[in-house]
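Remarks on the overall topology
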Amino acid sequence: MSVLVYTESEQGKFKKIAFEVSSYAKAVADAMGTSVTAISFNADDPSALGTYGVNKVLNVKNDALKTFNASVYADVIKEAAQQEDSKVIVMSSSANDKYLAPLLAVDLNAGYASNVVETPVSTAPFQVKRNAFTNKAFEILELKTDVKLIGVSNNSFGLHENNTDAKVEDFSPEIPESGIKVESVDKATDKVTIADADIVVSAGRGLKGPENWGMIEELADVLGAATACSKPVSDLGWRPHSEHVGQTGKPVAANLYIAVGISGAIQHLAGINASKYKVVINNDPEAPFFKAADYGVVGDAFEVVPQLIEKLKAFKAQQ
Amino acid sequence: MKILVCISHVPDTTSKINFTENDTKFDTNGVQFVINPNDEFGLTRAMWFQEKQGASVTVVNVGGPETEPTLRKALAIGADDAIRVNTPATDGFSVAKQLAKVVEDGGYDLIICGRESIDYNGGMVPGMLAGLLKANFINKCISLDVDGTTAKAVREIDGGKETVTTSLPLVIGGQKGLVEESDLKIPNMRGIMMARKKPLNVVEPVATDAETSSVKFEKPAPKGDVKLVSPDNLDELVNLLHNEAKVI
């Protein structure tokens, strides 16, 4: 009956969201008077999940799971859920988790709630609060099935330490065949991704041209942030499509979102609104972004950004 | 190749989002409805398959009669025919069940959905449909080519992309990248005239139990005013981010 949490790792290391969903699962387990079981694939140190309240880890070591495959992963998680007789399964909102969750939901006849932003409103009936209408509203959704699947919105719950002695058990599931073969993966490993970043630095057409992105990258570097851009910038080819954030691009749910030279079209704001704090730097005081931001600087990006970099460097040096 | 493009009928991005009946229902009053943007990228890619590879393209929506103008727009863009499953779309699983029946009856090889609708943002229908059909599934698909029964696709992953090969029958959750924004077609007068004569078949739903139900909606608390910091006093911004927001 324990709450099952799927903890994503990459090259043996848990992603930050693995700790966040573990923290969340612990809160749900407490509310339901049960324990937390995690399932992890090829993680170097599965016991690390104990820090966030996990009681038991089903540890799968299998080379067949080295590359993500949604239907294969879903099948293995299903086996774990059935072994543990779990009624609540928790995962994140990463691209991979959102890919496999609906497949798992069908396999387990589970109701699925994605983009869940806090611990369940109630556990009987089972109701959760989730983002809807592209962050313009919340929906209270009731899951009426015996088994419930929750996708936690990234960065919505945070990390909560809850030191527990996690018991690590080997788990050797059957690995099914898959009709999908990965040919190649193209991923920059040295850069923090928009999905994983605590801070995202984003820039728009106000930068006038792709040659001016050096200062944006430097600002991101100082903050350990990911870089992003507005839609016109990616449409113009100034920056890769993978950096486009907004309604039809990537969603951003960072702790801090810094927008430089972005006017704040509604489609852009819809995609980034889940971020906790927003800073806008723009020379047009009438830019709609100022209405959506927490902090604003009305000024020329080419003067403000280099100065801000210097201030932040000085601040970091003191820390 | 028989392609089915699943179309969500959603409020235009710029719509005001309000609720009625004690915040239990979305207020459609004065709201302009459009083809879900993620679906429109997929529909446009389907048009390419129609033109270059002789594929047939059917569009489908699960919803009431009020969604028909959206299906007509898809026909005006170039789909050959349309199906409306006559039941309100309330729960992702139920919608996937209805679509699975349409796929089984029609024998479609390639089912193109958007990765998520911009209203409920559930992001579950494509995957559930694939699960129900036991078909191959690619989510966040940003490039798709089909040769016979073999498909080559690129999907977006966090921080990059992945190229995969698979085979039909295939379900994709598509998004921008399948085609570019500039490839999207605005229906011309001829398309609109032709769309009026194209078949739009209404089929009755299969029995299914909803797995979830919407209890109510809430709007986010109104945001406070922006705190403006002078460009000559950026120390103050650093101070606010550190001491007030506590994000650096």
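Since we're looking at a predicted model, the values are computed, not measured. (Residues numbered from 1 in each chain as written. Chains lettered and ligands numbered in written order. Predicted model: local features only at pLDDT ≥ 70, side-chain atom pairs only at ≥ 80, totals over all residues.)

**What to know about the domain arrangement of chain A**
Residue and element names in this part refer to chain A.
- Per the domain assignment, the segments of chain A are domain 1 (3–170) and domain 2 (199–317).
- Taking the mean C-alpha position of each, domain 1 and domain 2 sit 31 Å from one another.
- The interface of domain 1 with domain 2 comprises 8 residues on the first partner and 7 residues on the second.
- Its residues assigned to classes, the side of domain 1 that touches domain 2 comprises no nonpolar, 7 polar and 1 charged. (Domains from an automatic or database assignment. Contact = placed C-beta atoms within 7 Å. Nonpolar A, V, L, I, M, F, W, Y, C, P; charged D, E, K, R; others polar.)

**Observations regarding the UniProt feature "domain: Electron transfer flavoprotein alpha/beta-subunit N-terminal" (unreviewed entry) in chain A**
- As recorded in UniProt, the sites labelled "domain: Electron transfer flavoprotein alpha/beta-subunit N-terminal" (unreviewed entry) are residues 3–194 of chain A.
- Split by type, residues 3–194 of chain A is 24% helix and 32% strand. Its first and last C-alpha atoms lie 29 Å apart. (UniProt positions renumbered as here; feature names shortened; annotations may be inferred. Helix = DSSP H or I, 4+ residues; strand = E, 2+ residues; numbered from the N terminus.)

**Thoughts on the confidence of the model for chain B**
- Summing up the model confidence of chain B, the mean pLDDT is 96 and the portion of residues at 70 or higher is 100%.
- Prediction confidence for the complex, expressed as pTM and ipTM, is 0.94 and 0.95 respectively. (pLDDT = per-residue confidence, 0-100.)

**What to know about the interface of chain A and chain B**
- Each partner contributes to the interface: chain A provides 75 residues, whereas chain B provides 62 residues.
- Broken down by element, the side of chain A that touches chain B gets its largest block of residues, 9 residues, from helix 3 (residues 95–108) of chain A.
- Its residues placed into classes, the side of chain A that touches chain B shows 38 nonpolar, 22 polar and 15 charged.
- Of the pairings in the sheet, the one linking strand 10 (residues 137–143) of chain A to strand 14 (residues 212–218) of chain B comprises 6 bridges and is antiparallel in character. Counterpart to Phe138(A) in the pairing with strand 14 of chain B is Glu218(B). (Pairing = 2+ DSSP bridges.)

**Structural notes on unusual backbone geometry**
- Ala124(A) connects to Pro125(A) through a cis peptide bond whose omega is -5°.
- Tracing the backbone shows Pro125(A) in the loop between strand 8 (122–123) and strand 9 (126–132).
- Omega for the bond connecting Leu168(B) with Pro169(B) falls within 30 degrees of zero, at 0°, which places this linkage in the cis form.
- With respect to the secondary-structure elements, Pro169(B) resides in the loop between strand 11 (160–167) and strand 12 (170–174).
- Even without being glycine, Asn155(A) reaches a positive phi, approximately 70°.
- When you line up the elements, Asn155(A) lands in the loop between strand 11 (148–152) and strand 12 (167–170).

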